[in-house]
Structures are given as C-alpha cells and as structure tokens.
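# Topology and contacts: notes
Here are the chains, one letter per residue:
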Amino acid sequence: MGMALRFWGLILIGFLGCMKWVEGFEYDGLFHFNKTEMSIVQSGYGASAAAVDYSLMVGLTLIQGAAAKGAVCLDGTLPGYHLHRGYGSGANSWLIQLEGGGWCNTIRACVYRKTTRRGSSNHMEKQIPFAGILSNKAEENPDFFNWNRVKVRYCDGASFAGDSEDKAAQLQFRGQRIWLAAMEDLMSKGMRYANQALLSGCSAGGLASILHCDEFRDLLPRSTKVKCLSDAGLFMDAVDVSGGHTLRNFFGGVVSLQGVQKNLPRTCTNHLDPTSCFFPQNLIANIRTPMFLLNAAYDSWQVQASLAPPSADPHGNWHDCKMNNERCSTSQMQFLQEFRNHMLNLIRGFSRFPKNGLFINSCFAHCQSERQDTWFSDNSPLIGNKGIALAVGDWYFDREGVKAIDCAYPCDKTCHNLVFK
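Below: a short report on this structure.

The rules behind these values
- Residues numbered from 1 in each chain as written.
- Predicted model: local features only at pLDDT ≥ 70, side-chain atom pairs only at ≥ 80, totals over all residues.
- Heavy atoms only, no water.
- Salt bridge = Lys/Arg side-chain N within 4 Å of Asp/Glu carboxyl O.
- Helix = DSSP H or I, 4+ residues; strand = E, 2+ residues; numbered from the N terminus.
- Buried < 20%, exposed > 50% of the residue type's maximum accessible area, 1.4 Å probe, protein only.
- Polar contact = N/O pair within 3.5 Å; in protein donor to acceptor, adjacent residues only side chain to side chain.
- Contact = heavy atoms within 4.5 Å.
- Pairing = 2+ DSSP bridges.
- Axes fitted to C-alpha atoms, helices over the stretch in contact; angles between N-to-C directions.

What follows is about the pattern of salt bridges. Pairing between side chains of opposite charge can happen when the charged atoms of each approach one another. Tallied over the full model, the rule gives 21 salt bridges. In this structure, E184 and K69 form a salt bridge, with 3.6 Å as the shortest nitrogen-oxygen distance. Of the two residues, E184 is situated in helix α2 (residues 175-188) and K69 in the loop between β4 (57-62) and β5 (80-84); the sequence distance between them amounts to 115 residues. You can call E184 partly exposed: its relative accessible area is 47%. Looking at K69, the relative accessible area reads 37%, which means it is partly exposed. A salt bridge links D218 to R288; the nearest nitrogen and oxygen atoms lie 3.0 Å apart. You can see D218 sitting in helix α3 (residues 204-219) and its partner R288 sitting in the loop between α5 (266-269) and β13 (291-296), a full 70 residues away along the chain. One network of salt bridges, with partners in common, ties together E99, R117, R118, E125 and R153.

Below is the structure:
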C-alpha cells in the first residue's frame, strides 16, 4: 500500500432494483470506469429479483436557501431532497432517508465526483422511484407507507459530515452544512410538528444515520418519538486478505481531506483518532437515541472493496469468490466467517441496550431496506419467521424487542445473495 491507494469500487447506477452495477478501479483516488456493466442477479433458493414498480415517482426539491449558508454540493450547486407527503394517521410522522453512494478521498476523486449526481445537483435525476421503506403502499411497506417520506440526496462524498473547501480545485466539502440545511428546510415544511420520526440511510447514508442520529434527536421536540436505522452502514475497520487496512487508509483520506474531524462525536474523538471515529464500531455504543442496525454479515460491498480489493489480491485469487459466494474456497469462506465473528463481537455492547435493535442476516447483500424484494415481499429474507420490514416495525413501535442474529452461512435459505456476472 506504499504507492497510491488502489481501491475497488462498486457504484450502484440507476436506482435500487435496476439490478446493474458498474465496475471501477480507483487509482490514486480516481475512479476509472470500464465500459461494461456487470449484471447482477439474485441468487439463492428461487429468490429472483422482484420487478420494480416505478408507479410512484417523486420530484426533486432544491433547497433554495442553502447557498447563503454555504451548504452546497462539491461543485457549488444547491443540494436537494425528494419529499412525498404523508396522510391520515401518518400525516405527522416523518421518515428521513439519507442517500448513499460511496466517498471521495482525494482531490482527483472529488473532482471526478463533481461530474456525477454524487457531487452536483446539475446531474441529479429530476424524479426518482420510491420503493421499499419509501413505498406508499401498505402491501409493500406496512408500517411507514403513509408517513412523510424523504430521500435527502448525497452530493458531498463524506457521509454528510465534512466542512472545508479546496479553492484551487473548486471543491466544496460541505456535507455537515447540507445536513443542517436539509433538516432546517424540512422542519419548516412540517417536520417540527412530528410526533414520530425515523432517520434512516443505506451504505454511506447508513453511516451518516449513525453519525447524525443524536443530532436528529436534538432537532425535534422532546415529545417526538425519534429513532434511527442504519442499513448496510456497519463498515468495519477490518484487515484485508493481504493483512493490510484498505478501508482504514481510504477513510483516513476522506476524513482529512473533507474536514470531517470537527463534526465527529466528542465521545469518540476524546480518546480515539479521527479516522477511527468514522468507523461505526467506535460510535454505536455511545449513541443515546434508539438505533437499529440492519446489515448482511457478509456485506457484499465490504467483501469487494474492503476485504479483497485488487490491491490486496493482485493475482485475483479472490475474483471468483467475490463475484459469487458459491465459488468461495474453504479457506476463503473461513476468512469470511472470521469477518462475521468480528462484526458480532463488535456489536455485543450495542446489543445489550434494550432500546436498540438488530437484524444481522447471513447473506451476501448490501442495502436491504431500499429494495422491495428484500424489504417486504412474498420471499423476503427472514430470520426465524420474521422479515426485515416487520422486524424494523416491531422495534420502532415497541411491539417487540428485536435482536435477530442469523446462524452462519450457509444455513439461511431465504437470502437474496448478490451474484455478479
């Protein structure tokens, strides 16, 4: 790792359910995309990808007052969100979902990101589909379908946590300001009167929901029921297959470049270095607000990008295993079992708090709340007899405590494992 960091990236294109990924290699922090798209199929026990219903398309709202606060995307454009109003019993309930989409750790990577929807609202879709936890149909989203549901767009590259700039490169690292501007705008549109609220997010957005959970709680009246959900946000400070620390090195660049340190929880930075405090394992035990961790034990993004990136696997010994879990050798599977054991050990303290919830299934997946087939469908992943949507609902509404941890692979026959072709 003495040379420029090479980082394997998988960037989801389109929206969840489109089932296509782009393959990219990052050299010195810059993504270079090849021209082929890798198709992704659902593997495992007849669980084919559910067709995505795009009947609910929700328009983009740009936050007009944001620029005056310095709350802008990487390229200086206005940030935005998509809001679909609630009704009936959910008219005063709010679900805020923070969009994910990786990070940028160098000037070159962030300059590239400016040319995408992850760094500029000029490139954002004007409408996006709401599915899974954002669906407005009771048969697709039984507990939150009639809430006010918001997707906050991600255009900073540091999980809504940075606050700095690079004038020479014309880069604005203003994630923290975007977070605050979005919340202030939504408060003015009725969220200040919420009687119930849930902050959620997937991947980089799942990390953001951990970083901002207590801030979200403090924004709202004490009488408001507030909880947080992190989906696929449990990024581990793990050793890669070469014995190195690919993700730690990458996160170190994100934190230092984007001025994240000042916005990290003091309960962590008063005894650990800033990069360590960007890892959820060092944050979750100190979050005051009830938190639910939804994560695949063999998170497919982490297997691809953190555990076995090309820089750690120059001869490609892990290539087939990364593409399809059924092609992993005995020794590779043992390495992945140790990763799972490490995850379970690190959440032990978090799980002791009755207010917290868990759904850790033994699948090769990433982001299970935003896709309809994994969130709530006839063949959704289960632990015991309970699927993800009902587990989150039972926990949120205090119908039942949820601390669901799956048996180790390959015992779970309900997984929608991601297979890359």
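This is not the end of the story, as more comes after the structure.
Here we come to the side chain of T77. Looking at the element boundaries, T77 is found in the loop between β4 and β5. Judged by relative accessible area, which is 13%, T77 ranks as buried. At 2.6 Å, the side chain of T77 and the side chain of D75 are in polar contact. Excluding anything up to four places from it in sequence, T77 contacts V72, S120, S121 and N122.

A word on the sheet that holds strand β7 (residues 127-129). In space, the 10 strands of this open sheet follow the order β7-β4-β5-β8-β6-β11-β12-β13-β14-β17, with mixed pairing throughout. Edge strands, defined here as strands with exactly one partner in the open sheet, are β7 and β17 (403-405). Adjacent strand axes in the sheet meet at a mean angle of 20° when their direction is disregarded. Pairing geometry for strand β6 (residues 93-98) and strand β8 (residues 148-152), over 5 bridges, is parallel. Paired with L95 across the bridge in β8 is R149. Here α2 sits on the sheet in contact with β5, β6, β8 and β11 (196-201), set at roughly 160° to β6.

To continue, consider the pairing of strand β14 (residues 357-361). Within β14, 5 of the 5 residues are buried, leaving the element largely enclosed by the surrounding structure. The sheet contact formed by β13 and β14 spans 5 bridges and is parallel. Across the sheet, L293 pairs through a bridge with L358, a residue of β14. Note: β14 against β17, 3 bridges, orientation parallel. When the bridges of β17 are listed, F359 appears paired with A404.

Now for unusual backbone geometry. Cis geometry is found at the peptide bond from Y409 to P410, where omega equals 15°. Tracing the sequence through the fold places P410 in the loop between β17 and β18 (417-420). Unlike most non-glycine residues, S203 shows phi in positive territory, near 60°. Counting through the fold element by element, S203 comes out in the loop between β11 and α3. With a phi angle near 55°, A232 is a residue other than glycine that sits in the positive phi range. With respect to the helices and strands, A232 occurs in the loop between β12 (225-231) and α4 (246-257).

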